[in-house]
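If you want the building blocks of each chain, they are given just below.
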Amino acid sequence: MTKKMSISTSKTSLVLFLCQIISALDVPLDSKLLEELSQPPTITQQSPKDYIVDPRENIVIQCEAKGKPPPSFSWTRNGTHFDIDKDAQVTMKPNSGTLVINIMNGGKAEAYEGVYQCTARNERGAAISNNIVVRPSRSPLWTKEKLEPNHVREGDSLVLHCRPPVGLPPPIIFWMDNAFQRLPQSERVSQGLNGDLYFSNVQPEDTREDYICYARFNHTQTIQQKQPISVKVFSMDSLNDTIAANLSDTDIFGAKPVTERQPVLLTPTGSTSTKVELRGNVLLLECIAAGLPTPVIRWIKEGGELPANRTFFENFKKTLKIIDVSEADSGNYKCIARNALGSVHHVISVTVKAAPYWITAPRNLVLSPGEDGTLICRANGNPKPSISWLANGVPIAIAPEDPSRKVDGDTIIFSHVQERSSAVYQCNASNEYGYLLANAFVNVLAEPPRILTPANKLYQVIADSPALLDCAYFGSPKPEIEWFKGVKGSILRGNEYIFHDNGTLEIPVAQKNNAGTYTCVARNELGKIQNEVQLEIKDPTMIIKQPEYKVIQRYGQVSFECVIKHDSTLLPTVTWLKDNDELPDDERFLVGKDNLTIMNVTDKDDGTYTCIVNTTLDSVSASAVLTVVAAPPTPAIIYARPNPPFDLELTGQLERSIDLSWLPGDENNSPITSFVIEFEDALHEPGVWRYQTEVPGSQTTAQLKLSPYVNYSFRVIAVNRIGRSQPSEPSEQYLTKSASPDENPANVQGIGSEPDNLVITWEPLKGFQSNGPGLQYKVSWRQKDVDDEWTSVIVANVSKYIVSGTPTFVPYEVKVQALNDLGYAPEPSEVIGHSGEDLPMVAPGNVQVHVINSTLAKVHWDPVPLKSVRGHLQGYKVYYWKVQSLSRRSRRHVEKKILTFRGNKTFGMLPGLEPYSSYKLNVRVVNGKGEGPASPDKVFKTPEGVPSSPSFLKITNPTLDSLTLEWGSPTHPNGVLTSYTLKFQPINNTHELGPLVEIRIPANESSLILKNLNYSTRYKFYFNAQTSVGSGSQITEEAVTIMDEAMASRQVDIATQGWFIGLMCAVALLILILLIVCFIRRNKGGKYPVKEKEDAHADPEIQPMKEDDGTFGEYSDAEDHKPLKKGSRTPSDRTVKKEDSDDSLVDYGEGVNGQFNEDGSFIGQYSGKKEKEPAEGNESSEAPSPVNAMNSFV
């Protein structure tokens, strides 16, 4: 196909052009080469397309780009040039296109709202950023509205509308009560996607006056609150009670407790609806139904299955969530709400549209003058996006013409390009749902050939192995590569060579005669360059004496040989394995130059031993088996530590190595297992001996590695199983020459001590590691994940360097390289450090408190963004303190308590709270620098608990039948006191408790007069306080009512009446006559009639009282000499105190059934025939005797 062929249509042109196998230049990733080549600008960092900013902070619009030469930057705003020099509030960062708009010093964010676009330009073209729409976030207040209370019948549905203010970005909605507690949600009550609160059916417990909708605007960290909404639920029982109170018994009233209803959809309405979602987004479909019982929601997709692994159900299955939707997710989705009475369904027709997305994004093109190439821009979307091209930020239709360029839809074809064809092209793919913008440059380079492979590079290979000789190159046009052997040799051709496209020459089977000098020549029309490399062919490594199978007795010694032959220029290393694993870490295993020796063989040494020989170019191995058998008994031997080695000699002195030989001392019946070699550096650390190496006990020579610039002396210590010998005498001294350092400092760290610095520390090299005079360190650093160059500084022999002016807590790559007067150490490895931490910027959000009981609460919070921590996250601190007791409303000194929760934990428990108290808390994030700002104080209240015991209980003013009780309220009421409980019971003389009496006392009382008690009686009192939760601990007291002095005083008043005196005289006269008759009959030896009657009835209450024990006996003749029978211990009031009046009614009232009428007259008749009344306890109207009263005090 010739380039002069005419093409009829653009489509045919594109097809034919793509058939040509023409590839653009590949630029090697060589840092030095990239620094030298010209390159059009490339945008490396920019702000998002939809950029919402905090109106309280400075606006930073990012635009970073790279290019050669470095690009300059300009901006447009709303399609016109934005002259930042005319606005004092706007600055551009140095060597950057990033704009900083100063809002914190008087600027207003609203004034800078608009569409911004950045252009990065150099002599090779111009790249542009996306259109960056800058909008300040908004968190408007709720509009004032008058909210009427909602009166709802039990079982009906209800929707509480939130209608939050329109913010930017939209707020997060949640419902809480006055106590800032989230309202519980369930299958019956839940929040919809629009923020409204839906009740499938209301219950009496839904009655409350504090349904509050909150809107949280995350961008500005503000929360707006709607006015509380009141809901009153009327139950059917309360309605029936109201109706019954207004109707007669004959009226018919009553209703079913709650009317059950089949489901009805609250949202969405109707039977069908539509939903459009964009590809890659999250699809949320919602169905909330009313009904009683509460309906259950189920989702299906008509004609298909819900996508596995991407489908989730939320909000008690009322919300269907499908993540990462694609066009295949379009279709009809049906939600079905069902309860016991029926079902209802709704079909949502989902259409998935798509903003443009890349199929093939245009890629940078590097061409040589006269070459051809293409830029392809292919995108898809729904609807299909349109493709438009720009050149250096200008629509290609009005851009300067380029005869080498032809646009064919989504492809630009370049033919015979020249250096002036270099430009940056922009492809814009857009539809109604968005756009894509990609920059791709065409860089036309005319560069003479360059060979990137180092000159005189040495290649070493083993004979009969492949040899690969590199010749990495670059040039534009692409150079041709030729290989020659020798300085004046002919060009290499033939089947014995393979020429790779990257310039590499391969010799498949290298022989000794292939060794020599090879020349690589690269040429194009702009020049020619050549490079020489060296090839050496080495003899293969062989094991000429392999280890052999051995049988050895237990506790014996065995040795395996491994004698090798190798190329004299290669340094072999021999490794021994046991059963394909490392040798046991046991001093019994001694590895020599050509052998492996095992001392004191045990059964566990049985196995396969392998000798592996490695060089830098090849590897060989051989194996043998060891079998261990039982050993015969041996006589006892005396063991001791070996004698020190002697006759040390230094030979084979080189710059980096020396041979040391010695003669071993006596081993003292314990074989020498190893020799430890130590050295002294008389130049840097005289008198200090350090470990050099350790060799097997069978070896008496060692080749020692040396460090430059050290004055060496050596000594040898022999080791056996008993211990170590004394050191040998030191060898002669040997001073090595200076050289550049071999190693770099260890333990390099980068840790900032201040927010704007980075402290780089390291362990300095020791004196013998310096390798020469003038030890210094090259300290290098650069910010990680940023296309930045290394910054380096050379410092003296110190261990720390401080980098100032760093951003706060960003990762840095750090390395420290040693150098001295003779040069640098090898390139050091990089470590990752961080600049200094600063206090966290953001307080934890969404702090919630869940009160578990009266003394324990659980606090939750949302984690802060890690970027705002500005340091290593150590955890969160919760400050909480008691504001006041809700029962006393008295404030006291606030003692804040602090709980620390380590790591990225988002909840914690608050123990030891006081019941019925108001608390506040806040949460702060903690990093290595300290604490961040506190979250807004969260108020929560603990519920009531049981109170403590009353502070005191005093019993005063005892009377005959009453006591006065006084008490103090509990020291810790722990709630609202509802009442006090008083329990008391009498205690008899045997300390037995009587019946328990309980009295409830109002909480506002502090004293009580307890009446109608028995006189001269001890009582025990139990007293406690109650809240609505329950009873607290009780306090106890005992007290006694007084003796019957008051009763006696009342009797004296009766005795002063005349009629009573006359009656008493008559009674006394009758008793006197009776006594005279009894006396006469006694003298005659017989019993008197009254006595007979007493014997017949055995009335204990009229028997005389014995003087010795207070009991009553029986009357008897003097001749009887019978022992008196013990009578009842029931006291008689005929036994009275001496100070009592002789004519007191106590002498009569107890022994007979005598009473007073209402007019005070005495009724009844004295008679010995009186029948005994059954004991009624304290129900008797008579007072107890003084004897019983006294017993009660015992």
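Up top you'll find the structure we're talking about.
Reading the values: rules and limits
- Residues numbered from 1 in each chain as written.
- Predicted model: local features only at pLDDT ≥ 70, side-chain atom pairs only at ≥ 80, totals over all residues.
- Heavy atoms only, no water.
- Helix = DSSP H or I, 4+ residues; strand = E, 2+ residues; numbered from the N terminus.
- Contact = heavy atoms within 4.5 Å.
- Polar contact = N/O pair within 3.5 Å; in protein donor to acceptor, adjacent residues only side chain to side chain.
- Salt bridge = Lys/Arg side-chain N within 4 Å of Asp/Glu carboxyl O.
- Buried < 20%, exposed > 50% of the residue type's maximum accessible area, 1.4 Å probe, protein only.
- Core = buried A, V, L, I, M, F, W, Y, C linked by side-chain atoms within 4.5 Å.
- Disulfide = S-S within 2.5 Å.
- Pairing = 2+ DSSP bridges.
- Lys, Arg positive; Asp, Glu negative; His and termini not counted.
- Patch = residues over 30% accessible without salt bridge, like charges linked within 9 Å, V, L, I, M, F, W, Y side chains within 5 Å.
- Areas by Shrake-Rupley, 256 points an atom, 1.4 Å probe, with all protein chains shown as cover.
- Charge placed at Lys NZ, Arg CZ, Asp CG, Glu CD.

Draft legend 1. Structural view of the environment of Gln817. Along the polypeptide, Gln817 turns up in strand E69 (residues 811-820). Linking Gln817 and Glu743, residues 74 residues apart in sequence, is a C-alpha distance of 8.2 Å. Residue contacts for Gln817: discarding those within four places in its chain leaves Asn744, Gln776, Tyr777, Lys778, Tyr824, Ala825, Pro826, Glu827 and Pro828. At 2.6 Å, the side chain of Gln817 forms a polar contact with the backbone oxygen of Ala825.

Draft legend 2. Looking closely at the pattern of salt bridges. Counting across every chain of the model gives 35 salt bridges. When the shortest N-O distance is used, the salt bridge between Lys882 and Glu914 registers 2.4 Å. With a gap of 32 residues between them, Lys882 in strand E74 (residues 873-885) and Glu914 in the loop between strand E76 (907-910) and strand E77 (917-927) connect regions that are remote in the sequence. A residue is classified by how much of its surface remains accessible, and Glu914, at 27% relative accessible area, is partly exposed. With a shortest N-O distance of 3.4 Å, Arg1018 and Glu1038 are connected by a salt bridge. You can see Arg1018 sitting in strand E84 (residues 1018-1026) and its partner Glu1038 sitting in strand E85 (residues 1035-1040), a full 20 residues away along the chain. Its relative accessible area of 26% is what places Arg1018 among the partly exposed residues.

Draft legend 3. Examining the nonpolar core more closely. Within the largest apolar cluster, 30 residues are counted, with the highest numbers of intra-cluster contacts made by Ile59, Ile61, Trp75, Ile101, Tyr116 and Val134. Taken together, the elements giving at least two residues each to this core come down to strand E2 (50-53), strand E3 (59-61), strand E4 (63-68), strand E5 (72-77), strand E8 (99-101), strand E9 (114-122) and strand E11 (132-136). The element contributing the most residues to this core is E9, with three residues. Ignoring any residue separated from it by four or fewer positions in sequence, one finds Ile59 in contact with Val53, Leu99, Val100, Ile101, Ile103, Ala109, Tyr112 and Val134.

Draft legend 4. Just the side chain of Ser725, in detail. The residue Ser725 is located in the loop between strand E62 (711-719) and strand E63 (734-735) in this model. In this structure Ser725 comes out as buried when scored by relative accessible area, which is 7%. Setting aside residues up to four positions removed in sequence, Ser725 forms contacts with Pro642, Asn643, Pro644, Pro645, Ile717 and Ala718.

Draft legend 5. Examining the state of the cysteines more closely. Taken as a whole, this structure holds six disulfides when the rule is applied. For Cys162, the disulfide goes to Cys213, at an S-S distance of 1.9 Å. In this structure the cystine formed by Cys162 and Cys213 twists about its S-S bond by roughly -70°; its chirality is therefore left-handed. Of this pair, Cys162 sits in the loop between strand E13 (158-160) and strand E14 (172-176) while Cys213 sits in strand E17 (residues 208-217); the two residues are 51 residues apart in sequence, bridging distant segments of the chain. Each member of the pair Cys162 and Cys213 is classed as buried. Taking only the cysteines that form disulfides and numbering them from first to last, the chain has the pattern 1-2, 3-4, 5-6, 7-8, 9-10, 11-12.

Draft legend 6. Just the pairing of strand E18 (residues 222-225), in detail. Across four bridges, E17 lies against E18 in antiparallel orientation. From the neighbouring strand, Ala215 faces E18, where its bridge partner is Gln224. Joining the antiparallel neighbours E17 and E18 is a turn of four residues, in which Gln221 adopts a positive phi near 55°.

Draft legend 7. Seen up close, the side chain of Lys318. Among the secondary structure elements, Lys318 is positioned in the loop between strand E25 (311-314) and strand E26 (319-322). This buried residue, Lys318, is left without a salt bridge; Glu187 holds the nearest opposite charge, at 7.7 Å. Filtering out sequence-adjacent residues up to four positions away, Lys318 remains in contact with Ser186, Glu187, Arg188, Val189, Ser190, Ser200, Leu285, Glu286, Cys287, Ile288, Ile297 and Trp299.

Draft legend 8. The arrangement of the sheet that holds strand E40 (residues 467-469) in detail. Reading across from one edge, E40-E44-E43 is the order of the three strands in this open sheet, with antiparallel pairing throughout. Only two strands of the sheet have a single neighbouring strand rather than two, namely E40 and strand E43 (498-499). Both E40 and strand E44 (residues 505-507) contribute to a ladder of three bridges, which runs antiparallel. Bridge assignment links Leu469 to a residue of E44, and that residue is Leu505.

Draft legend 9. Representation of a nonpolar patch on the surface. A cluster of nonpolar side chains, namely Leu1069, Leu1072, Ile1073, Ile1076, Val1077, Phe1079 and Ile1080, defines an oily patch on the protein surface of about 660 Å² accessible area. For Phe1079, the location among the structural elements is in helix H6 (residues 1058-1083).

Draft legend 10. Broad picture of the environment of Val779. Mapped onto the elements, Val779 comes out in strand E66 (residues 776-783). For Val779, a relative accessible area of 0% corresponds to the buried category. For the pair Val779 and Tyr801, spaced 22 residues apart in sequence, the C-alpha separation works out to 7.7 Å. Val779 has contacts with Ile760, Trp762, Thr791, Ser792, Val793, Val795, Tyr801, Lys815 and Val816, leaving out every residue within four places of it along the chain.

Draft legend 11. Summary view of unusual backbone geometry. Cis geometry is adopted by the peptide bond preceding Pro268, which originates at Thr267 and carries an omega value of -5°. Inspection of the secondary structure puts Pro268 in the loop between strand E20 (261-267) and strand E21 (272-278). One non-glycine residue, Asn771, adopts positive backbone phi at about 65°. When you line up the elements, Asn771 lands in the loop between strand E65 (757-763) and E66. Judged by its relative accessible area of 1%, Asn771 falls in the buried class.

Draft legend 12. How the structure looks around a negative patch on the surface. Taken together, Glu35, Asp787, Asp788 and Glu789 make up a surface patch of like negative charges. Note that Asp788 resides in the loop between E66 and strand E67 (791-795).

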